[in-house]
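Analysis of the macromolecular model
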Amino acid sequence: AQRVTQPEKLLSVFKGAPVELKCNYSYSGSPELFWYVQYSRQRLQLLLRHISRESIKGFTADLNKGETSFHLKKPFAQEEDSAMYYCAATGYNFNKFYFGSGTKLNVKP
Amino acid sequence: DTGVSQNPRHKITKRGQNVTFRCDPISEHNRLYWYRQTLGQGPEFLTYFQNEAQLEKSRLLSDRFSAERPKGSFSTLEIQRTEQGDSAMYLCASSSPLSHSGNTIYFGEGSWLTVV
């Protein structure tokens, strides 16, 4: 089974500071990787997926197969980025999605 | 709103009672997932359907849990003889791997269950 680890439960930064939310996965095949975000009182929603290689709301994530990591980065955090962030990965058959325990990002003014 | 819809949004029940949750996926999505989420944890996989076929069930899904998707559209998740440990958010998600969105799952707002 796939295991997704997000080591930080809480990350607090000041507005304008760089942000990096860490994510490591265990299955070293070629899983699909995603970041989901949950803003206060809203549903979980897709932020980005590695296969698209896109930047959403200034966030990017680089897949490092050697380190089995998929860290989420943003060079200048904004207050509206405050939310719960979940990293997710598929298993070997791409049908199941495994989620990390989440990191709460708090961007202070 | 054409997103994933779940109801009821909140349910408080007494221990030992049965509860049923309903999920209406995005209309063209053939895959439907159920997840459970407790405080401080990420969503945990329970089961998933492709059309009406239930293809996989987690070991988390005890015999008291049953999920159906009779016509390949909406799904129900029933918990029989609820226990306090069943208190959680039950999330439904759907996907359509062959669509432009690819293998991406879209979540509903969840159904909160509190067992007292």
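Residue and element names in this part refer to chain A. Counted according to the given criterion, the structure contains 2 disulfides over all chains. What pairs with cysteine 23 in a disulfide is cysteine 87, and their sulfur atoms sit 1.9 Å apart. Around the S-S axis, the bridge from cysteine 23 to cysteine 87 shows a dihedral of about -65 degrees and counts as left-handed. Of the two residues, cysteine 23 is situated in the loop between β3 (19–21) and β4 (24–25) and cysteine 87 in strand β9 (residues 83–90); the sequence distance between them amounts to 64 residues.

Turning to the nonpolar core, a few remarks are in order. Judged by nonpolar contacts, the single largest core of 25 residues is most densely connected at Trp35(A), Leu47(A), Leu48(A), Leu72(A) and Tyr85(A). Contributing elements (two or more residues each) for this core: β2 (10–14), β3, β5 (33–38), β6 (45–49), β8 (69–74), β9 and β11 (103–108) of chain A. Here the element with the most residues in this core is β9(A); it accounts for 4 residues. Not counting residues within four places of it along the chain, the set of residues in contact with Tyr85(A) comprises Gln6(A), Leu21(A), Trp35(A), Tyr36(A), Val37(A), Leu47(A), Phe59(A), Leu72(A), Gly102(A), Thr103(A) and Leu105(A). Listed in part, the 19 residues of the second largest apolar core include Phe21(B), Trp34(B), Leu113(B) and Val115(B).

On to the sheet that holds strand β3 (residues 19–24) of chain B, then. Think of a sheet as strands paired side by side through backbone hydrogen bonds, with each pair either parallel or antiparallel. Residues and elements named next belong to chain B. Strand order in the open sheet formed by 4 strands is β1-β3-β8-β7, and the pairing between neighbours is antiparallel. A single partner strand is all that each edge strand has here, and the edge strands are β1 (5–7) and β7 (65–68). Taking each pair of neighbouring strands and ignoring which way they run, the sheet shows an average axis angle of 15 degrees. Here β1 pairs with β3 via 3 bridges, running antiparallel. Among the inter-strand pairings, asparagine 7 is bridged to a residue of β3, identified as arginine 22.

Before going further, it helps to examine the layout of surface pockets. In this structure, the largest pocket encloses a volume near 710 Å³. Lining of the largest pocket is provided by 30 residues; of these, Gln38(A), Gln42(A), Met84(A), Tyr86(A) and Gln37(B) occupy positions nearest its centre. Put simply, the parts of the chain that give the lining of the largest pocket at least two residues each are β9 and β11 of chain A together with β9 (88–95) of chain B. If you go around the second largest pocket, you meet 16 residues; those closest to its centre are Tyr98(A), Phe99(A), Pro43(B), Glu44(B) and Phe45(B). At the level of elements, β10 (97–99) of chain A together with β5 (44–50) of chain B are the ones that each hand at least two residues to the lining of the second largest pocket. Looking at the lining of the second largest pocket, the element that brings in the most residues is β10(A), giving 3 residues.

Considering all chains together, one arrives at 15 aromatic pairs over all chains under this definition. With 5.5 Å between their ring centres and 85 degrees between their planes, Phe99(A) and Tyr35(B) make a pair best called edge-to-face. Linking Phe99(A) in strand β10 with Tyr35(B) in strand β4 (residues 31–37), this pair reaches from one chain into another. A single burial state applies to Phe99(A) and to Tyr35(B), both of which are buried. Note on Phe65(B) and Tyr90(B): the rings are 6.4 Å apart at their centroids and 40 degrees apart in plane angle, and the pair reads as tilted. In this pair, Phe65(B) is assigned in strand β7 and Tyr90(B) in strand β9, connecting sequence segments 25 residues apart. Like Phe65(B), the residue Tyr90(B) is buried in the burial classification. Taken together, Phe34(A), Tyr36(A), Phe97(A), Phe99(A), Tyr33(B), Tyr35(B), Phe45(B), Tyr48(B) and Phe107(B) form an aromatic cluster joined through their ring pairs. The residue whose ring lies beneath Lys108(A) is Phe14(A), and the NZ or CZ to ring-centre distance is 4.4 Å. Residue placement shows Arg22(B) over the ring face of Phe74(B); its charged tip is 3.9 Å from the ring centre.

Calculation criteria
- Residue indices begin from 1 for each chain and proceed along its sequence in written order.
- As a convention, the first chain written is A and the first ligand written is 1, with the rest following in written order.
- In keeping with the predicted nature of the model, local features appear solely for residues at pLDDT of at least 70, side-chain atom pairs appear and are counted solely at 80 or more, and the whole-chain, interface and lining totals rest on all residues.
- As a rule here, side-chain values come from all non-hydrogen atoms in the structure, and water together with hydrogens is ignored.
- Any pair of cysteine sulfurs within 2.5 Å is marked as a disulfide.
- Secondary structure counts use DSSP, requiring at least four H or I residues in a row for a helix and at least two E residues in a row for a strand, with both numbered from the N terminus.
- Here, nonpolar core refers to any group of buried Ala, Val, Leu, Ile, Met, Phe, Trp, Tyr and Cys residues whose side-chain atoms link them within 4.5 Å.
- Think of it in three bands: residues with accessible area under 20% of the maximum for their type are buried, residues over 50% are exposed, and the middle band is partly exposed, with areas taken using a 1.4 Å probe on protein chains only.
- By the convention used here, residues are in contact when the closest approach between their heavy atoms is within 4.5 Å.
- Here, strands pair whenever DSSP counts at least two bridges between them.
- Note on method: axes are straight lines fitted to C-alpha atoms, helices fitted across the in-contact stretch only, with angles between N-to-C directions ranging 0 to 180 degrees.
- The pocket and cavity definitions rest on a 1 Å grid over protein atoms only: a 1.4 Å probe that fits but cannot leave marks a cavity, an open set with protein on both sides within 12 Å along at least five of seven lines marks a pocket, and residues lining either have an atom within 4 Å of a point.
- Grid points are joined across faces, edges and corners, and a volume is the space filled by probe spheres set on the points.
- Centres within 6.5 Å make a pair out of two Phe, Tyr or Trp rings, where for Trp the six-membered ring is used; the pair is then stacked when the planes are under 30 degrees apart, edge-to-face when over 60, and tilted otherwise.
- Either the NZ atom of lysine or the CZ atom of arginine qualifies as a charge over a ring when it sits within 6 Å of the ring centre and within 35 degrees of the ring normal.

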